[in-house]
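Close look at the chain arrangement
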Amino acid sequence: MAETTEKPPKDIESEDEQEQTFESLGLDGRLIRALNKKKIDKPTPIQQVAIPLILQGKDVVARAKTGSGKTFAYLLPLLQKLFTLEPKKKLAPSAIVLVPTRELSQQVYTEVSSLIELCRVPLKVVQLTSSMPAPDWRTALAALPEILVTTPACVKKCLSDGVLQPTSIDESLEILVLDEADLLLSYGYEGDIKALTPHIPKRCQCLLMSATSSDDVEKLKKLILHNSYILTLPEVGDIKDEVIPKNVQQFWISCSARDKLLYILSLLKLELVQKKVLIFTNTIDMGFRLKLFLEKFGIRSAVLNSELPQNSRLHILEEFNAGLFDYLIATDTSKSKENEDNGVSSIEPKKSRKHAKHKADSEFGVVRGIDFKNVHTVVNLDMPESAEGYVHRIGRTGRAYSTGASISLVSPDEMAIFEEIKSFLGDDEKDNSNLIPPFPLLTKNAVESLRYRAEDVAKSVTKIAVRESRAQDLRNEILNSEKLKAHFEVNPRDLADLLKHDKALSKKPPAPHLRDVPDYLLDATTKEASKTVKLARAAMGNTNPARRHGFKRKSKRNKDPLKTFTAEGHKRARRGGMKQEGKDGNGNHRQKKRKT
Ligand SMILES: Nc1ncnc2c1ncn2[C@@H]1O[C@H](COP(=O)(O)OP(=O)(O)OP(=O)(O)O)[C@@H](O)[C@H]1O
């Protein structure tokens, strides 16, 4: 099999130079009008390259950074191809989109359904999930949908249960998409994909979309792509631009593990970050500990983790995306990590840990590929376990043409992974690239002004309180999940306003003196920083939740306080080699690492 690698034309390599339109890519007028209704009028670089090639019928392996618009890059030409297909009685779908998780399946399904509706074309799409009973699969496929969105495991089950006939697939299948291809094998779908491959007809156009390249993608290419012409869209620009979108500003804060709650409180309470905020923790218990802690200061948030029932997870995502709450605490670490004897997790009794393991959903993917809408700030309360995990977390902001920021709270124990991340991103000491500088808006004074209150409250969030809240939340969500199931069945795209996920878990309301930060506690620098962030938010049209739905097309560089503001603390930090931030000697540790 000959493999051809083509580079995209020079003029589309740089995002700044692009001038292509959806019309010039050859896209159908109905699709363009549908996109306009979604306020999308300019293709992203990956769309500019991939759409014409897919329209020409080529197999494409598209690799592009997170949030670069890969979903439309394949969905738009896929739909256009189906618009023009001869109508004939087909016993299997013409297009199958395979994704690694149910969340992604729901996301893609919603996107296709909405495009079909806006285009007013008589195409049918169905979604199959492993939680659906087999008779439901039969019913869904009996409606003879043109498009099937599902996971590889479901397709295999459809084949083995006779719900899908291999001969029908052979007759019908025109396009097969493997979305988030880099994850499919790591989610353990190799056997499922192998069960499908013998039935993929030679003429079927195959598309592999992924955010990172890996041996798994190579393996899939060999497994799936059997046309002689394979087109690989190579990395664009240098590695830094490729891995993390340019429009995301990354920062870090050095603090001890013990001070992490204090630091996040300072960031949120002093309003030094733009909302909406997505906060990552490595354990579910830490997620609940943070939620309870913030609640005491009148900051409401929701948690998202693998333990929650699927309907609740989908609904939390919908509510967050609709702007119904501003702070979402997500736990994305693997189950094995959750069950390790580390940190807060270790407090769980054996029985409960077993329960958590049992409950956690293997098809859950809180981060990878999920399109959190209009997240302006990602905070790593705990550092991720790998550089790849960091890239996927940070990729939840700055999607397509929007801007965003990330702040990583790094304790001395996490310096090693932080250094690994920096080197992965190409943060080179020698060329002074300083890709992840210290966060400039939070001064030592501001943090210290909240220390007493934060430490006092942190003590009251006991291990037992965390455990009880976690169990209570799970019970609530299981009940909610039943209601949501009925709700989704009747009205899948509506929002159930009555089921709020950011409800307070503690019985006592926050003490009035903790709700507001008294003026005398704030220094002039922090007041100015907070005012600037608020002004920037207003300038970016980010004050009214309804307006957050709009897509920010241009980065507002000059209005972004992170680009213009310099706090005293930051200057000192630079001069003093981070000493100002850490009693714990992080700066020294960092220096030492750098020399090696
Ligand atoms: N041309 C465009 N203009 C503006 N917004 C766009 C455009 N294309 C896609 N988007 C929006 O950008 C966001 C990110 O797109 P998408 O989810 O397809 O990214 P992705 O490359 O698949 O990311 P990931 O690798 O994280 O899955 C979505 O909200 C999508 O609606």
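Structure's up top.
Residues numbered from 1 in each chain as written. Predicted model: local features only at pLDDT ≥ 70, side-chain atom pairs only at ≥ 80, totals over all residues. Heavy atoms only, no water.

1. Side note on the pairing of strand S6 (residues 205–210)
Within S6, 6 of the 6 residues are buried, leaving the element largely enclosed by the surrounding structure. Burial along S6 is two-sided: Gln-205, Leu-207 and Met-209 and Cys-206, Leu-208 and Ser-210, pointing in opposite directions, are all buried. Sheet analysis places strand S1 (residues 59–63) next to S6, joined by 4 bridges and oriented parallel. When the sheet's bridge partners are listed, Ala-62 is paired in S6 with Met-209. (Buried < 20%, exposed > 50% of the residue type's maximum accessible area, 1.4 Å probe, protein only. Helix = DSSP H or I, 4+ residues; strand = E, 2+ residues; numbered from the N terminus. Pairing = 2+ DSSP bridges.)

2. Side note on the nonpolar core
Core analysis: the largest hydrophobic core is formed by 73 residues, its most contacted members being Tyr-74, Leu-76, Leu-79, Ile-147, Leu-328 and Phe-372. Setting aside anything within four residues of it in sequence, one finds Leu-79 in contact with Leu-31, Val-112, Leu-115, Ile-116, Leu-123 and Ile-147. Within the second largest apolar cluster, 47 residues are counted, among which are Leu-265, Phe-288, Ile-299 and Leu-522. (Core = buried A, V, L, I, M, F, W, Y, C linked by side-chain atoms within 4.5 Å. Contact = heavy atoms within 4.5 Å.)

3. Digging into unusual backbone geometry
Looking along the chain, the bond that leaves Lys-275 and enters Lys-276 is cis, with omega of 0 degrees. With respect to the helices, strands and loops of the structure, Lys-276 is situated in the loop between helix H12 (260–269) and strand S9 (277–281). The phi dihedral of Lys-39 falls on the positive side, at around 65 degrees, and the residue is not glycine. Judged by relative accessible area, Lys-39 falls into the exposed class, the value being 59%.

4. What to know about the site of the ligand
Near the ligand there are 24 residues, and of these Lys-42, Gly-67, Thr-71, Glu-180 and Asp-371 occur at the shortest range. Glu-180 places a side-chain nitrogen or oxygen 2.7 Å from an oxygen atom of the ligand. Here an oxygen atom of the ligand and a side-chain polar atom of Asp-371 are 2.4 Å apart. In isolation the ligand has 640 Å² of accessible area, and contact with the protein removes 95% of it. The biggest single contributor to the shell around the ligand is helix H3 (residues 70–83), with 3 residues. Across the shell around the ligand, the residue classes tally to 8 nonpolar, 8 polar and 8 charged. (Near = heavy atom within 4 Å. Polar contact = N/O pair within 3.5 Å; in protein donor to acceptor, adjacent residues only side chain to side chain. Areas by Shrake-Rupley, 256 points an atom, 1.4 Å probe, with all protein chains shown as cover. Nonpolar A, V, L, I, M, F, W, Y, C, P; charged D, E, K, R; others polar.)

5. A word on the pairing of strand S4 (residues 147–150)
Because side chains alternate across S4, one face comprises the buried residues Ile-147 and Val-149, and the other comprises Leu-148 and Thr-150, equally buried. Here strand S2 (residues 95–98) runs beside S4; their pairing, made up of 4 bridges, is parallel. Within S4, the residue paired with Leu-98 across the bridge is Thr-150. Inspection of the sheet shows strand S3 (residues 125–128) paired to S4 by 4 bridges, in the parallel sense. Paired with Val-126 across the two strands is Leu-148, which belongs to S4. Running through helix H5 (residues 134–142), the crossover from S3 to the neighbouring parallel element S4 is right-handed. (Right-handed = clockwise from strand over helix to strand, strands pointing away.)

6. Here's the deal with the sheet that holds strand S10 (residues 302–304)
For sheets, the rule is that strands pair by backbone hydrogen bonds, running either parallel or antiparallel. Taking strand neighbours across the sheet as the criterion, the 6 strands line up as S8-S13-S12-S9-S11-S10 in an open arrangement whose pairing is parallel. Both outer strands of the open sheet, strand S8 (248–254) and S10, are each paired with one neighbouring strand and no more. For this sheet the average axis-to-axis angle between neighbouring strands, irrespective of direction, equals 20 degrees. One ladder, built from 4 bridges, connects strand S12 (residues 377–380) with strand S13 (residues 404–410); its direction is parallel. Each bridged residue has a counterpart across the sheet, and for Val-379 the counterpart in S13 is Ile-407. (Axes fitted to C-alpha atoms, helices over the stretch in contact; angles between N-to-C directions.)

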